[in-house]
Amino acid sequence: MKSKFLLMLASIVFFLNACSKDDNETVEALETPVANAPKDVNDNGFRAKWNYVSYSKSYLLDVSTTEDFTTFVPNYNAKEVTDLNDVVVGLTGGTQYFYRVRAKSGTEISNYSNIISVVTTGSSGIPEDPTFLKVKVNKLANPFFVGMAIKASQLTNGSPYDIILKNEFSSISAEYEMKMDQISTASGVYNWTVADKIVAYGNANNINVHGHALVWHNSVPQWLKDFSGTDAEFAAEVKKYITDVVTHYAGKVKSWDVVNEAVDDNGGTMRNTIFLQRMGPNYVKDCFQWARAAATAAGDTSLLLFYNDYATSTNTAKQDKVFSLLDDLKAAKVIDGVGFQMHNTYLSPTKAQIEADLNKAVAKGLKIHVSELDIQVNQFNDISTFTNERRLAQKAKYKEMVKIYNALPAANKYALTIWGMRDNESWIPYNTELNHPGNDWPLLYDANFAVKSSHTGFLEGLD
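The following refers to the structure shown.

Examining the overall build of the protein chain
In step 1: A count of helices and strands for the protein chain gives 13 helices and 19 strands.
In step 2: Structurally, the protein chain occupies a C-alpha span of about 105 × 60 × 40 Å along its principal axes.
In step 3: Counting across all 463 residues of the protein chain, residues that qualify as buried make up 49%.
In step 4: Sequence separation of at least 24 residues holds for 74% of the intrachain contacts in the protein chain that already meet a minimum separation of 6.
In step 5: For the protein chain, the exposed area adds up to about 20900 Å²; of that, 52% sits on carbon and sulfur atoms.
In step 6: Seen as two clouds, the 44 positive and the 52 negative side-chain charges of the protein chain have centres 3 Å apart.

Thoughts on the pattern of salt bridges
In step 1: If you walk through the whole model with that rule in mind, you get 24 salt bridges.
In step 2: One salt bridge connects Asp265 with Arg271, and the closest N-O pair in it is separated by 3.6 Å.
In step 3: For Asp265, a relative accessible area of 37% gives the class partly exposed.
In step 4: Judged by its relative accessible area of 14%, Arg271 is buried.
In step 5: Across the pair Lys318 and Asp309 runs a salt bridge whose closest N-O atoms are separated by 3.2 Å. In this pair, the class of Lys318 matches that of Asp309, namely buried.
In step 6: A cluster of three or more residues bridged by salt bridges with shared partners is formed by Asp265, Arg271, Asp309 and Lys318.

Things to note about the packing of helix α7 (residues 231-248) against helix α9 (residues 283-297)
In step 1: It is at 8 Å that the axes of α7 and α9 come closest, and there the two elements cross at 40 degrees. Between α7 and α9, the crossing angle belongs to the class labelled oblique. Crossing angle aside, the handedness with which α7 passes α9 is right-handed. Of α9, the residues touching α7 (which contributes Ala235, Val238, Lys239, Ile242, Thr243, Val246 and Thr247) are Cys287, Trp290, Ala291, Ala294 and Ala295.

Overview of the sheet that holds strand β1 (residues 35-39)
In step 1: Pairing within the open sheet is antiparallel, and its 3 strands lie in the order β1-β2-β5. Unpaired on one side and paired on the other, β1 and β5 (85-88) mark the two borders of the sheet. Strand-to-strand, the axes of this sheet are offset by a mean angle of 20 degrees, without reference to chain direction.
In step 2: Of the pairings in the sheet, the one linking strand β2 (residues 46-50) to β5 comprises 4 bridges and is antiparallel in character. Residue pairing in the sheet places Arg47 in a bridge with Val87 of β5.

Some thoughts on the packing of aromatic side chains
In step 1: For the structure on display, the rule yields 15 aromatic pairs.
In step 2: Between Trp50 and Tyr59, the ring centres sit 5.8 Å apart and the planes meet at 50 degrees, which makes this aromatic pair tilted.
In step 3: Given a relative accessible area of 4%, Trp50 falls into the buried group.
In step 4: For Tyr59, a relative accessible area of 3% gives the class buried.
In step 5: Aromatic pair Tyr190 and Trp192: ring centres 5.0 Å apart, planes at 35 degrees, arrangement tilted.
In step 6: In this structure Tyr190 comes out as buried when scored by relative accessible area, which is 19%.
In step 7: Trp192 sits in the buried class, given a relative accessible area of 18%.
In step 8: Three or more aromatic residues joined by ring pairs make a cluster, and in this case those are Tyr190, Trp192, Tyr241 and Tyr249.
In step 9: Residue placement shows Arg100 over the ring face of Phe69; its charged tip is 4.0 Å from the ring centre.
In step 10: Over the ring of Tyr310 we find Lys318; its NZ or CZ atom is 3.4 Å from the centre of that ring.

Here we look at empty space enclosed by the protein
In step 1: Applying the stated criterion to the full structure yields 1 cavity of 30 Å³ or more.
In step 2: Considered as a void within the structure, the largest cavity measures approximately 40 Å³ in volume.
In step 3: Taken together, Ala149, Lys151, Gln154, Glu175, Gly420, Met421 and Glu425 form the lining of the largest cavity.
In step 4: Split by residue class, the lining of the largest cavity holds 2 nonpolar, 2 polar and 3 charged.

Concerning unusual backbone geometry
In step 1: Between His212 and Ala213 the backbone carries a cis peptide bond, its omega angle lying at -5 degrees.
In step 2: Following the sequence through the fold, Ala213 ends up in strand β13 (residues 208-216).
In step 3: Not every positive phi belongs to a glycine, and Ala78 is a case in point at roughly 60 degrees.
In step 4: Given the relative accessible area of 28%, Ala78 is considered partly exposed.

Regarding the environment of Lys330
In step 1: For Lys330, the position within the fold is in helix α10 (residues 316-331).
In step 2: Residues Lys330 and Gly106, 224 residues apart in the sequence, show an inter-C-alpha distance of 53 Å.
In step 3: The contact partners of Lys330, leaving out residues within four places of it in the chain, are Ile335, Lys364, Gly365 and Leu366.

A short note on the pairing of strand β18 (residues 367-376)
In step 1: Most of β18 sits out of view: 9 of its 10 residues are buried.
In step 2: Pairing of strand β17 (residues 343-345) with β18, which is carried by 3 bridges, proceeds in the parallel orientation. Residue pairing across strands places His343 opposite Asp374, the latter belonging to β18.
In step 3: After leaving β17, the chain enters helix α11 (residues 351-363) and then returns to the sheet as β18, a path that is right-handed.
In step 4: As paired strands, β18 and strand β19 (residues 413-418) are joined by 4 bridges and run parallel to one another. Among the inter-strand pairings, Ile368 is bridged to a residue of β19, identified as Lys413.

Rules used in this analysis
Residues numbered from 1 in each chain as written. Predicted model: local features only at pLDDT ≥ 70, side-chain atom pairs only at ≥ 80, totals over all residues. Heavy atoms only, no water. Helix = DSSP H or I, 4+ residues; strand = E, 2+ residues; numbered from the N terminus. Buried < 20%, exposed > 50% of the residue type's maximum accessible area, 1.4 Å probe, protein only. Contact = heavy atoms within 4.5 Å. Areas by Shrake-Rupley, 256 points an atom, 1.4 Å probe, with all protein chains shown as cover. Lys, Arg positive; Asp, Glu negative; His and termini not counted. Charge placed at Lys NZ, Arg CZ, Asp CG, Glu CD. Salt bridge = Lys/Arg side-chain N within 4 Å of Asp/Glu carboxyl O. Axes fitted to C-alpha atoms, helices over the stretch in contact; angles between N-to-C directions. Parallel < 35°, antiparallel > 145°, perpendicular 65-115°, else oblique. Left-handed = near helix turned anticlockwise from the far one by under 90°. Pairing = 2+ DSSP bridges. Phe/Tyr/Trp six-rings, centres within 6.5 Å; stacked < 30°, edge-to-face > 60°. Lys NZ or Arg CZ within 6 Å of the ring centre and 35° of its normal. 1 Å grid on protein atoms, 1.4 Å probe; cavity = no way out; pocket = protein on both sides within 12 Å on 5 of 7 lines; lining within 4 Å. Points joined across faces, edges and corners; volume = space filled by probe spheres on them. Nonpolar A, V, L, I, M, F, W, Y, C, P; charged D, E, K, R; others polar. Right-handed = clockwise from strand over helix to strand, strands pointing away.

Listed below in structure tokens is the structure:
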């Protein structure tokens, strides 16, 4: 009986010690929450959302009219919320707001989440800013080219395209008509007609011409795809093409995308193209060296050579591979800059992702061309008309992109090029590789050549 009593007493003591130990254990550190895109945006408010954080008991929500949170919306300075969302009310229509959140458990508070931008609806009656883009850019302390992707058929004197181009833009890129399969019809045989029209238009109107692109796996002419010679002979054909094109446009085309999209989307390898297969892993460097040599031989010592690619802001593995490639080209002294395509959406990439991407190029002393900018608003195919909410969200994203670019050091800025003029002519709604078939409105002008809120956002980004 005595032994049973002692055993019971020992068990009670062990239990009390265990409870005491649990009470004194350090609480798990709170992770930083992730804020999500808002929902139910209207004239007067929106629903702020964020992800669950383990061990948190509540969340502290900040809402501000400034991105640095120097001012707060009344009642939204560390407002305590016990749910994973909160309906923010009492706001002004057509206004940009920012929100962030922290997790809380007792006295412990996490770091701030990412910052989410949201524009309330309700300003459709406000006229857009009609200021010409290049006029405002040229007044900056450190101006840059404002570019537009064009087609030769748009360059008729007096057409709406012609008038807008001359008023608004200081640079042009051929959307497709200066690529290899458009110019090269056979070995050493070229059709210059359309490309010459584009270059002549730019030169005649004091508009910079950016060449796009010498080598791209999706623009290989059929005769080169079928080429039956040796790999060395194949490389010689590519060299001849690059040499002849650069020579033909020496002094007329001020910059070239020498190679376009050479890195695979999986990020770890080079894209498995005909050029990689037949010319080997150094083909990109070879192409740049041939372009540089051709320009030098033609006396064009100021020609700028760019590498161009997409999705490097969100795909960090791809970003790493691209910058490894750029390091090799820079070490060989054959590259001047990098083109970031920026086929973005109104939700992605984030400001921080874009800045990190561009700043890596700044650190390497490369010129930066935002080369193919458009901003999708219907990537989930969830709207059938261009809603006021998406219009204002797109405006904010254009403003953000231009503001980021304008903040770059002067030595690193080259051009910011919009990939097309009118929404109804954009490549985006009709591209079968994208996961949002149907309508989209990604550009600065609508189908009637009228400026959109995105155009105003571009201008505001220069402030």
